Amino acid sequence: MRSTRIAVSAVLLGALALPLVSATAASAVPAQVPASMGNPSCTGPGPWVIGTKAVTIRSKASAKSTAVGILYRGHKFTVHKTSGKWRYITDRTTGVKGWVSATYVYRSVGMCLD
């Protein structure tokens with residue numbers, strides 16, 4: 001009796017797996033974006049943003065280095081370069097330059113689809 005249950009389970013699992021495989025293969029065609037949705041003036045990823053309320057600006061690319069300022073959400077800033085998990089920025093609101101963690105400063109999700 002026990003072997004009968006195992007055989008039935010194997011058959012049912014096989015039957016359940018078949019629609020998933022065929023559905024995946026049928027939906028593998030890439031979607032196309034209509035030309036009217038594209039932005040011809042777009043040249044790259046979106047602007048830099050802060051993913052938290054504030055991030056400490058440091059003198060070196062290290063969490064143990066001296067804090068030289070705070071970059072708040074809403075401040076305008078420029079990213080000059082990236083080194084590992086750190087970004088060298090200028091806070092255009094205060095003029096402070098230094099390093100911030102790349103965990104909190106990144107490109108916005110919105111970008112162009114060319």
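Calculation notes
Residues numbered from 1 in each chain as written. Predicted model: local features only at pLDDT ≥ 70, side-chain atom pairs only at ≥ 80, totals over all residues. Heavy atoms only, no water. Helix = DSSP H or I, 4+ residues; strand = E, 2+ residues; numbered from the N terminus. Buried < 20%, exposed > 50% of the residue type's maximum accessible area, 1.4 Å probe, protein only. Contact = heavy atoms within 4.5 Å. Areas by Shrake-Rupley, 256 points an atom, 1.4 Å probe, with all protein chains shown as cover. Phe/Tyr/Trp six-rings, centres within 6.5 Å; stacked < 30°, edge-to-face > 60°. Lys NZ or Arg CZ within 6 Å of the ring centre and 35° of its normal. pLDDT = per-residue confidence, 0-100. Pairing = 2+ DSSP bridges.

### Some remarks on the overall build of the chain
Of the regular secondary structure elements, the chain holds one helix and seven strands. The buried share of the chain, reckoned over its 114 residues, is 21%. Sequence-distant contacts, at least 24 apart, represent 43% of the contacts inside the chain between residues at least 6 apart. With an accessible surface of roughly 8600 Å², the chain has 62% of that area assigned to carbon and sulfur atoms.

### Side note on the packing of aromatic side chains
According to the stated counting rule, one finds one aromatic pair in the structure shown. Lying over the aromatic face of Y88, K81 brings its terminal NZ or CZ to 5.8 Å of the ring centre.

### What to know about the environment of K85
Secondary-structure assignment places K85 in the loop between β4 (77-83) and β5 (86-91). Taking the C-alpha atoms as reference, K85 lies 8.2 Å from A61; in sequence the two are 24 residues apart. When sequence neighbours within four positions are dropped, the list of residues in contact with K85 reads V100, S101 and A102.

### Digging into the confidence of the model for the chain
For the chain, the mean per-residue pLDDT works out to 72, and 54% of the residues sit at or above 70. Within the model, the stretch residues 2-27 combines pLDDT values under 50 with zero contacts to residues more than four positions away or in other chains. In the model, residues 33-38 has pLDDT below 50 throughout and makes two contacts with residues more than four positions away in sequence or in other chains.

### Things to note about the pairing of β5
Among the six residues that make up β5, five are buried, leaving the element largely enclosed by the rest of the structure. Inspection of the sheet shows β4 paired to β5 by six bridges, in the antiparallel sense. Bridge pairing links F77 to D91 in β5. When β5 meets strand β6 (residues 97-101), the two strands line up antiparallel, connected through five bridges. Of the residues in β6, the one forming a bridge with R87 is V100. What sits between the antiparallel neighbours β5 and β6 is a turn of five residues, in which G95 has the positive phi angle 85°.

### Some points on the environment of S83
Among the secondary structure elements, S83 is positioned in strand β4. Here S83 falls in the partly exposed class, since its relative accessible area comes to 40%. Residues S83 and A61 lie 22 residues apart in sequence; the distance between their C-alpha atoms is 7.6 Å.

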